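# Structural overview for review
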Amino acid sequence: MEKHILIDRSEAVKRFRPIAKDSHKGLQGHALIVGGSYGKMGSVCLSAKACLKSGAGLVTAYIPKCGYDVVQSVVPEAMVLTDDYNEHITSVNHKLSLQAIGFGMGMGQDLDTHQAMFHFLKMNSVPLVIDADGLNILSENKEWLEILPKQTILTPHVKELERLIGHWDSKLEMLENVKTFAAKYDVIVVVKGAPTLIVSKNVIYENTTGNQALATAGSGDVLTGIITGLSAQHYAPADAAILGVYVHGLTADLAVPETGHHAFIASDIIHYLGKAFLTLEQ
Ligand SMILES: NC(=O)C1=CN([C@@H]2O[C@H](COP(=O)(O)OP(=O)(O)OC[C@H]3O[C@@H](n4cnc5c(N)ncnc54)[C@H](O)[C@@H]3O)[C@@H](O)[C@H]2O)[C@@H](O)CC1
Ligand SMILES: Nc1ncnc2c1ncn2[C@@H]1O[C@H](COP(=O)(O)OP(=O)(O)O)[C@@H](O)[C@H]1O
Ligand SMILES: [Mg+2]
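Here the structure is a predicted model, which is why all the values come from computation and not from measurement.

## What about the pairing of strand 4 (residues 79-82)?
Summarising the sheet, strand 3 (residues 58-63) and strand 4 pair through four bridges and their orientation is parallel. The partner of Ile63 across the bridge, within strand 4, is Thr82. With helix 3 (residues 68-74) bridging strand 3 and its parallel neighbour strand 4, the resulting β-α-β unit is right-handed.

Listed below in C-alpha cells is the structure:
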C-alpha cells in the first residue's frame, strides 16, 4: 500500500536541526541561486534572501549583468556573479565550492538560456533545486531529465507540472503520473498548491501549513530559496523539501492574524521565517 504522510509539526521537528553553537559560515553551506532576466530580478532577490534566512552560511546569486546593482542593493548579504550577457543568462560559469544550487526563477526561456542550462547540467554534480523557467526549459528538453543529479528537487506549480508530465484528468491520475515520473528519474517532486504535495520514493507527503495569503507573486521563488538553503546545510533532499514546505506555509499562518490575507506579500514570508523556525526549537 502506498504511504501518505501528513507534514505536521512532529514531522518537521523530526527533521529540523538547530545550528551548532560553534558553527561558522563555512560550515553552514554555500548556496548558488541561478536565475533572473531583465524585469524579473526580484525573483532572485527573494530567493537569495530566503536562502540566507534559512541558515545558509554563504549565498551567491548568478544573474545576467543588468541585475548586478539590484541584487547587491536589495540583498547586501549575498555575493553576486554576473553572466557576460546583459539581459538573460547565456552560461553558468563559476569556480565555487558549493553545497546546493537553486536554479530557474525569473530566468526566462531564451534559446541561449536553454544552451546554458544544458552545459550546466552536463557539468554539475551539486545537489540541485529546479524551479520556474528551469522546469519550463526541462519540459522542452525532456531527455535532459536523465542527466539530473540523483534526488534533484523539482518544485512545479500545477501549470509547470503539466508542461513536465502532460495532462491528467483527476488528482489520482496526476499523483500516479508524478510517482512514475519521480521513480523514473530519481527526483523529488514538490507539487505546489493548496495543499502542497511532495512525492519522494513512492511516498506522498501532504503539507498542513499555509493559506491563501500565499497566493501572491514570488511565493514560489521564496520556497526555492528556503529549500536550497536547507540543502546547503546538508539536509537530505527529501528532508529539505519537507521542512522547507512546512516552514514556508507556517510563515503565512503566523502572519495572517497580523497582516490578513490581502496585504501579505512574498517578502512577508521571509520576514516571518524567524518565527516559523523558532516554533521548531521549542
Ligand atoms: N518578482 C519577480 O521577478 C517574479 C518573477 N516570477 C517569474 O516569472 C516567470 C513566470 O512564472 P509564472 O509562474 O507566473 O508563469 P507560468 O506561465 O508558469 O504560470 C502562470 C500560470 O499558471 C497558473 N497557476 C499557477 N499556480 C497554479 C495552481 N496552483 N493551480 C492552477 N494554476 C496555477 C496561473 O493561473 C497562470 O495561468 C518565472 O520565471 C517566475 O520565476 C514570478 O515568480 C513572479 C515574481
Ligand atoms: N491558496 C493557497 N494556499 C496555500 N498555499 C498557496 C496558495 N496559493 C499559493 N500557494 C503557495 O504559494 C507558492 C506559489 O508558488 P508559485 O506559483 O511558483 O509562485 P511564484 O512563481 O510567483 O513565485 C507555492 O508554494 C504554493 O503552494
Ligand atoms: Mg514559481
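## Topic: the packing of helix 6 (residues 158-165) against helix 7 (residues 171-185)
Packed helices, taken two at a time, are described by the angle between their axes plus the distance between the axes. In the contact formed by helix 6 and helix 7, the axes pass within 11 Å of each other and the chain directions differ by 60°. The angle between the axes of helix 6 and helix 7 places the two elements in the oblique class. The two elements helix 6 and helix 7 cross, and the hand of that crossing is left-handed. Note on element contacts: helix 7 touches helix 6 through Met174, Asn177, Val178 and Phe181, opposite Leu161, Leu164 and Ile165. The residue inventory of the contact of helix 6 with helix 7, partitioned by class, reads six nonpolar, one polar and no charged.

## Considering the side chain of Asn141
With respect to the secondary-structure elements, Asn141 resides in the loop between helix 5 (132-140) and strand 7 (152-154). For Asn141, the side chain forms a polar contact with the side chain of His114, separated by 3.2 Å.

## A few points about the site of ligand 1
Taken together, the neighbourhood of ligand 1 is formed by 15 residues, with Gly106, Asp133, His157, Arg163 and Asp221 sitting nearest. Contact distances for ligand 1 include 3.5 Å between an oxygen atom and a backbone N or O atom of Lys40. Mapped onto the shell around ligand 1, the elements with two or more residues apiece are helix 2 (41-52), helix 5 and helix 6. With four residues, helix 6 is the largest single contributor of residues to the shell around ligand 1. Classifying every residue of the shell around ligand 1 by side-chain character gives four nonpolar, five polar and six charged.

Each value, and the rule that gives it
Residues numbered from 1 in each chain as written. Chains lettered and ligands numbered in written order. Predicted model: local features only at pLDDT ≥ 70, side-chain atom pairs only at ≥ 80, totals over all residues. Heavy atoms only, no water. Pairing = 2+ DSSP bridges. Helix = DSSP H or I, 4+ residues; strand = E, 2+ residues; numbered from the N terminus. Right-handed = clockwise from strand over helix to strand, strands pointing away. Axes fitted to C-alpha atoms, helices over the stretch in contact; angles between N-to-C directions. Parallel < 35°, antiparallel > 145°, perpendicular 65-115°, else oblique. Left-handed = near helix turned anticlockwise from the far one by under 90°. Contact = heavy atoms within 4.5 Å. Nonpolar A, V, L, I, M, F, W, Y, C, P; charged D, E, K, R; others polar. Polar contact = N/O pair within 3.5 Å; in protein donor to acceptor, adjacent residues only side chain to side chain. Near = heavy atom within 4 Å.

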